[in-house]
Number of protein chains: 4
Amino acid sequence: MLNGEKLIRRPLRWGMVGGGRTGQVGYKHRTGALRDNTAYRLVCGAFDIDPARGKDFGVNIGVDADRCYADYKTLIAGEAKRADGVEVVTVATPNFTHYEITRACLEAGLHVICEKPLFFTVKECREIEELAARKGLVVGVTYGFTGHPLVHQMAAMVKKGILGDIRIVDLEYTHGFNSGDDVGASEAVKWRTNPKTAGPTFVLGDIGTHLYYLSEIVLPHLKIEKLLCDRNAFISTRAPLEDHATVLMHYDNGARGRLWVSSVDAGNMGSQRYRFVGSKASVSWSDAHPDQLIYEIQGEPPQILHHGMPYLEKESLACDRMGALHTEGLGDSWSNIYLWIAEAIDARNRGDEAFLKTHHYPGIAAGTEGVRWLENCVRSADAGSVWVDFQ
Amino acid sequence: MLNGEKLIRRPLRWGMVGGGRTGQVGYKHRTGALRDNTAYRLVCGAFDIDPARGKDFGVNIGVDADRCYADYKTLIAGEAKRADGVEVVTVATPNFTHYEITRACLEAGLHVICEKPLFFTVKECREIEELAARKGLVVGVTYGFTGHPLVHQMAAMVKKGILGDIRIVDLEYTHGFNSGDDVGASEAVKWRTNPKTAGPTFVLGDIGTHLYYLSEIVLPHLKIEKLLCDRNAFISTRAPLEDHATVLMHYDNGARGRLWVSSVDAGNMGSQRYRFVGSKASVSWSDAHPDQLIYEIQGEPPQILHHGMPYLEKESLACDRMGALHTEGLGDSWSNIYLWIAEAIDARNRGDEAFLKTHHYPGIAAGTEGVRWLENCVRSADAGSVWVDFQ
Amino acid sequence: MLNGEKLIRRPLRWGMVGGGRTGQVGYKHRTGALRDNTAYRLVCGAFDIDPARGKDFGVNIGVDADRCYADYKTLIAGEAKRADGVEVVTVATPNFTHYEITRACLEAGLHVICEKPLFFTVKECREIEELAARKGLVVGVTYGFTGHPLVHQMAAMVKKGILGDIRIVDLEYTHGFNSGDDVGASEAVKWRTNPKTAGPTFVLGDIGTHLYYLSEIVLPHLKIEKLLCDRNAFISTRAPLEDHATVLMHYDNGARGRLWVSSVDAGNMGSQRYRFVGSKASVSWSDAHPDQLIYEIQGEPPQILHHGMPYLEKESLACDRMGALHTEGLGDSWSNIYLWIAEAIDARNRGDEAFLKTHHYPGIAAGTEGVRWLENCVRSADAGSVWVDFQ
Amino acid sequence: MLNGEKLIRRPLRWGMVGGGRTGQVGYKHRTGALRDNTAYRLVCGAFDIDPARGKDFGVNIGVDADRCYADYKTLIAGEAKRADGVEVVTVATPNFTHYEITRACLEAGLHVICEKPLFFTVKECREIEELAARKGLVVGVTYGFTGHPLVHQMAAMVKKGILGDIRIVDLEYTHGFNSGDDVGASEAVKWRTNPKTAGPTFVLGDIGTHLYYLSEIVLPHLKIEKLLCDRNAFISTRAPLEDHATVLMHYDNGARGRLWVSSVDAGNMGSQRYRFVGSKASVSWSDAHPDQLIYEIQGEPPQILHHGMPYLEKESLACDRMGALHTEGLGDSWSNIYLWIAEAIDARNRGDEAFLKTHHYPGIAAGTEGVRWLENCVRSADAGSVWVDFQ
């Protein structure tokens, strides 16, 4: 179990671009990073597109006024002058800015933690991957749900062969918050439904990449051979982006997958639902009730595994924080993600290749894979929702 | 509410082909037909492929020994000689015999109630449809789940526009009882996995037609424009039939549907799950908890509608039997189905066209539609899981 | 599994007193008795306090008009004249008439099946017990919920010691249908809240006896040593009867029990909930989801046992009707209860003492025990909700 | 919603007594206090009964080595010498030390945050209450579950009269982790089952006080008139303390309450369950699924209220952190509790009586009330589980 004791030498000096008072996701980043004060220390930020509001906010969360910057460029420049300047920067801004901010930070020698979907194209991902490698820097991607302990229980069970051969992958992340039209919509909705600011997808990138990344955690040995994506916009002003999509996937071992994302699933408050079916048993998990894992063995009574219990695999217990009987929430999950990224950064800084070889965290490869998957989805959908080989 | 009081003039004289001691479905038919003794009276049967066992069984459930026949042909012949001969015959035999038994019964002037999937081809359906019409006889199809009161609550809510425009149809019927191979399998599994006895599909016909018919009940105004079926056999000896399939459907109003059937969903005991999503709200129902209907209004708290409660639509209350707080099971649902078919037969016998025009029951049209849907699925799947126009 | 094949020599000739068109419970009795036509045949009835309505109703459910009687006295007299007269009579009338009708039937040589709570006093019970024994007749009591297969799974698991020593018994049957006052209440509510017609209790007798009897089934080896009953009427016009009560019980093995009944538990649609806790594990069951039994082993993942599955105890599988994946409802449970009573009657008629010695059904002893428990509850409550030795 | 922006002038200088590496609850305190770095800053601690281990631990969580003390006395003395000395101390040690440490801190002019149950006797509580008042200091009590947003939704609904008159209070906190005997038990179990270190109760104080305090939050207008406590030790070595207890309560408005606590409820992982029933509707909540509140209106469909949704009362939305669709865990709840206590301390430091008059937090009065309730429970139980007037 984690109890806040330090796992790296000292807290990293951390800054944020975006994530200010009007955004919702910023607080999840801070909750994740600052949980124990042993992984990160928030030293600066360009929190808001409105610099005055950004400074007011930054001061309110404890940042020195003179380290609350107007934008990412001045942040990079300002911090570069300091002996105690920022070391790692989180990018929590609309999609279309991820690439340029990440690039600039890396070029300035800063590690980066970026929101998903990472960039617009795999080409951009490869460039950044190369740049980060050259600079010896880490790029983390905040797939915030995969820090839940029972996600890693699923992965460990699959790895041990407890489910048998994997046959069925069923992934859902649907809600109904965009069931109505976008007249009077929030800024968050506006930029997400505009290809210029969101990139080539809406719900596939916004929520589908969470499903896909989690499935990679659980099924690292499975590769998609071909997929078919059927996407559409029930609210026509969102086209060519989609507010609803189904993706069918054929894996290299013969398994069949289906992924459903929607923001017009009226009334659904059930968050994400994951089901992995093997030849012997299945596991199901949802972020709506993250403390329980449904484990169904064919011919036996289904079991409900509870987080933090000694019967779980060590990989799951290792990242438990609250202990059995007490709920772990999304904040706890983000704390794990940020911690794992911090460990990667520290190892990179120390040049500890051995550690990095086995250490798991959502890095640039995971971000790139998400964008690659999106490109395949769009290629299929735009060709008439046909099967395409996964490239 | 239903309380067993007669809704037709007198109980119909009823017989069964199949459904004997070794079958599982026979008891569901008898539970349905004989519930109140005011709709049917069991007078004869050819219950078993083993005539002696069939007679022993028939006598044990109260049928006169001399009306326990060796097969359907002798049943038809024997009963034809009696003044009080059978009027309606249930066909609860393997799929490949449905057509010939139904045809023979109709030609002998008997109404028929047949298991699903009705026949192998739409062509056969059309022939039987024509024959039944010519003879003035009813053919009922035992879609046994659609008698549940809350199914009709969903239909009434959709009809009143409570959900808004229908956008998403999500249908699942999966279990894992065929997760292992078929070595040593029961007769029931053997004939279902053999195209000669099962017809062109396994799980699509065996369980998928339940999903499809129920969706027709709830969405009578929606038509499929095109569909794509991706089917496969995880246990290779079942090929060319499938133990797993996903069907994507585009409806004429722009709605998107997905149907999942599987008999290798290891450990899943959740029965069927239905979700209908409109522009304003959604409803979800499962036979696993048939007494509750999840009604989710976007932006409001989800509600759990309970069967038998006065706030429900009259169509639902009309077919409730147990009353609120008390569970209705599958037997109650079958009782409703059989009752509605009895009312159709009685009306047909009386020549009451006005009644028949508005009376709802699973008849030959429903059975034909199921077979038509299967044909489209197979056509898509066999062409490489491609989109096909619904014909 | 049960499939309707006869378990007794021939169906018993059965009649009903009460249970007509305006009552709700009558249909549950008929559903139970007539399920398979191999245990009972309905031949007569005095269905209604309004004889004309009763006759109309009786004819509508298939009873000969001349065997639809005005009241129980004429029924007994009329049937006595027939060679094919009634053999067993169900009493489904308000509580205050149970004793006199049961007595009259027994004196006329008829078996009786009676609603709960059986009579007003243990003294009455003992008289009837003695009378039935002298006449060689059966008195069954319709504790309708205890026919569910998973109830008998719980009993079998306790018997095998799977739970360890029983420590905690937690029983609840609460609803909110009487949350408002009784102005304009139905007849059913009126007689239940009047001591003259209901007897010494309202909810304790009306729903609490179900809880208590089921606990006896599961824990036949435990005896109450003392109890404390705290009852009250939130709607004052119901006093001295109660619409809410809690009973604490100390068992002879040291176990502690608590039983909660209420008809003012506003909004609760959860039916009954049972929990039996042992030193090693617990089982929980509710009629709201009767197909699943929660089995919680300390230190292991909770399991959800599903009815009809081969891993269950033979006692549970023996009374399954629908099979796994398909819901058993309350009607199925009543069918079992009525069947077990029929077997007892047939055995009594045959003089088969060996069978009766091991055969389990809710008989006069169970009915008497329920009344005894009520007497102890009232004694405690009326003395100021104090502990009383169980007498 | 809360997003970490400061609500007090500057973070309080905070220290801990207890809560080191081997304790489980310490991390919950730190998670609560340090969540946003805008309410507390951890400056010192006497974390462990083993000073070396305590110092190692303190350094590991970022405390200066010279402010890691051997015990609370040296902490108080050491910090007193500093200009930037600690201002508020958390007491997370076994029960028997609460009183002396709290007293010493207060006498040294330090605010205190103490684990529950606060002290052994009401007399001690009154002394501390008087001392704190005289010194102008705050004593907070960590009832950590009551920070969940939906707890405050329940309170707001009751206050607005949405449930009608409160009639039934049903409170449960049971688990089975002490189902076996205590041979080889952890230190945490040992001191909790020994009256010298635990005080006059085991589960009543350890988990029952959580139930009782939460019920006070929801029902501030209800007072207990009399209660009856039935407690026992299924594992005899725990006597005279209890591992199982039921408390019946009569409130001054006529409502009836029942509270059940147990650590031998084998297999139960359901955490706490709360149900408040009014004349019109009920609400139910559990920490096991803290994001949903069941709201059951008599005669209408039950509703599931989801945290963070705009339809909730402002009191609930005010303390939401994660937003709808994303789970709030116990850590979020503790963060709220610690924040509210910080606001009280800041207001006390500023002498802001107006703020304190309306500000809600678990303070000394709540702690005292918990101990008072325990005293009444013990008095009842020790007199033979009889009714006692609440004193």
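Keep in mind that this is a model prediction, so the values were computed, not measured.

Looking now at the overall build of chain A. In terms of helices and strands, chain A carries 13 helices and 14 strands. The principal-axis extents of the C-alpha atoms in chain A amount to approximately 65 × 50 × 40 Å. Per-residue burial for chain A yields a buried fraction of 62% across its 391 residues. Counting contacts in chain A only where the partners sit at least 6 residues apart, residues at least 24 apart contribute 69% of the total.

Residue and element names in this part refer to chain A. The geometry of helix H5 (residues 122-135) relative to helix H13 (residues 364-382) is characterised by a closest axis approach of 9 Å and an angle of 170 degrees between their N-to-C directions. By the criterion of interaxial angle, the relationship of H5 to H13 is roughly antiparallel. Viewed along their axes, H5 and H13 form a crossing whose handedness is left-handed. Together, Val122, Cys125, Ile128, Glu129 and Ala132 of H5 and Ile364, Gly367, Thr368, Val371, Arg372 and Glu375 of H13 make up the contact between the two elements. Taken together, the residues of the contact of H5 with H13 break down into six nonpolar, two polar and three charged.

Looking now at the nonpolar core. Note that soluble globular proteins tend to have their nonpolar side chains buried in a common cluster. All names here are of chain C. Membership of the largest hydrophobic core comes to 121 residues, with the highest contact counts inside it found for Met154, Phe276 and Ile341. Among the elements that take part in this core, helix H11 (residues 330-350) stands out by supplying ten residues, more than any other. With sequence-adjacent residues up to four places away left out, phenylalanine 276 is seen in contact with Met154, Val158, Leu163, Ile166, Val169, Val218, Leu219, Ser282 and Val283.

Residue and element names in this part refer to chain A. If you trace the five strands from one edge of the open sheet to the other, you get S2-S1-S3-S4-S5, paired in parallel fashion. Looking at the sheet topology across the chains shown, the edges are occupied by strand S2 (40-46) and strand S5 (139-141). Neighbour-to-neighbour, the strand axes of the sheet open up by a mean angle of 25 degrees, direction not taken into account. Bridging between strand S1 (residues 12-18) and strand S3 (residues 88-92) involves five bridges; their strand directions are parallel.

Once that is clear, we can look at the environment of arginine 134 of chain D. When you line up the elements, arginine 134 of chain D lands in helix H5 (residues 122-135). Expressed as a C-alpha distance, the spacing of arginine 134 of chain D and glutamate 107 of chain D, which sit 27 residues apart in the sequence, is 10.0 Å.

Glancing now at the domain arrangement of chain A. Residues and elements named next belong to chain A. Domains assigned within chain A are domain 1 (12-145 + 339-363) and domain 2 (149-321 + 369-389). Each of domain 1 and domain 2 was reduced to a C-alpha centroid, and the two centroids are 26 Å apart. Opposite the 14 residues of domain 1 that make contact, domain 2 presents 18 residues. By residue class, the composition of the side of domain 1 that touches domain 2 is eleven nonpolar, two polar and one charged.

Time to look at the sheet that holds strand S3 (residues 88-92) of chain D. Residues and elements named next belong to chain D. The sheet built from five strands is open, its strands ordered S2-S1-S3-S4-S5 with parallel pairing. Strand pairing shows two members of the sheet lacking a second neighbour, strand S2 (40-46) and strand S5 (139-141), which therefore form its edges. Adjacent strand axes in the sheet meet at a mean angle of 25 degrees, parallel and antiparallel pairs treated alike.

Moving on: the interface of chain C and chain B. Taken together, the contact between chain C and chain B spans 34 residues of the former and 35 residues of the latter. Among the elements of the structure, helix H1 (25-34), helix H2 (51-60) and H11 of chain C are those that each provide at least two residues to the side of chain C that touches chain B. Residue composition of the side of chain C that touches chain B, by class: ten nonpolar, 16 polar and eight charged.

Quick look at the interface of chain A and chain D now. Facing 34 residues of chain A, the contacting portion of chain D comprises 34 residues. Of all the elements in the fold, those that place two or more residues in the side of chain A that touches chain D are helix H1 (25-34), helix H2 (51-60) and helix H11 (330-350) of chain A. Its residues assigned to classes, the side of chain A that touches chain D comprises ten nonpolar, 16 polar and eight charged.

So, about the pairing of S1 of chain A. All names here are of chain A. Among the seven residues in S1, six count as buried, and that is most of the element. In terms of strand pairing, S1 meets S2 through six bridges, oriented parallel. Bridging across to S2, tryptophan 14 finds its partner in leucine 42.

Cross-referencing UniProt, the feature "domain: Gfo/Idh/MocA-like oxidoreductase C-terminal" (unreviewed entry) maps to residues 157-389 of chain A in the present numbering. Its end C-alpha atoms 29 Å apart, residues 157-389 of chain A is made of 34% helix and 25% strand.

This paragraph deals with the environment of aspartate 252 of chain C. All names here are of chain C. The residue aspartate 252 is located in the loop between strand S8 (244-251) and strand S9 (256-262) in this model. Between the C-alpha atom of aspartate 252 and that of lysine 223, which follows or precedes it by 29 residues, the distance is 5.5 Å. If sequence neighbours within four positions are ignored, aspartate 252 has contacts with Leu222, Lys223 and Glu225.

What follows is about the relation of the copies chain A and chain D. Mapping chain A onto chain D leaves a residual RMSD of 0.0 Å; the transformation is a rotation of 180 degrees accompanied by 0.0 Å of translation along its axis. Viewed as a symmetry operation, the transformation between the two copies matches a two-fold axis. Distance from the rotation axis, computed per C-alpha, reaches its smallest value in chain A at glycine 329 of chain A: 1.9 Å.

Glancing now at the packing of helix H9 (residues 203-218) of chain D against helix H13 (residues 364-382) of chain D. Residue and element names in this part refer to chain D. At a minimum axis distance of 10 Å, the contact between H9 and H13 shows a crossing angle of 120 degrees. One finds that H9 runs oblique with respect to H13. Crossing hand, H9 versus H13: right-handed. Across the interface between the two elements, Leu204, Gly205, Thr209, Tyr212, Tyr213 and Glu216 from H9 touch Ala366, Glu369, Gly370, Trp373, Leu374 and Cys377 from H13. Classifying every residue of the contact of H9 with H13 gives seven nonpolar, three polar and two charged.

Conventions adopted
Residues numbered from 1 in each chain as written. Chains lettered and ligands numbered in written order. Predicted model: local features only at pLDDT ≥ 70, side-chain atom pairs only at ≥ 80, totals over all residues. Helix = DSSP H or I, 4+ residues; strand = E, 2+ residues; numbered from the N terminus. Buried ≥ 20, exposed ≤ 12 C-beta atoms within 10 Å, placed from the backbone. Contact = placed C-beta atoms within 7 Å. Axes fitted to C-alpha atoms, helices over the stretch in contact; angles between N-to-C directions. Parallel < 35°, antiparallel > 145°, perpendicular 65-115°, else oblique. Left-handed = near helix turned anticlockwise from the far one by under 90°. Nonpolar A, V, L, I, M, F, W, Y, C, P; charged D, E, K, R; others polar. Core = buried A, V, L, I, M, F, W, Y, C linked by C-beta atoms within 7 Å. Pairing = 2+ DSSP bridges. Domains from an automatic or database assignment. UniProt positions renumbered as here; feature names shortened; annotations may be inferred. Least-squares fit on C-alpha atoms with pLDDT ≥ 70 in both.

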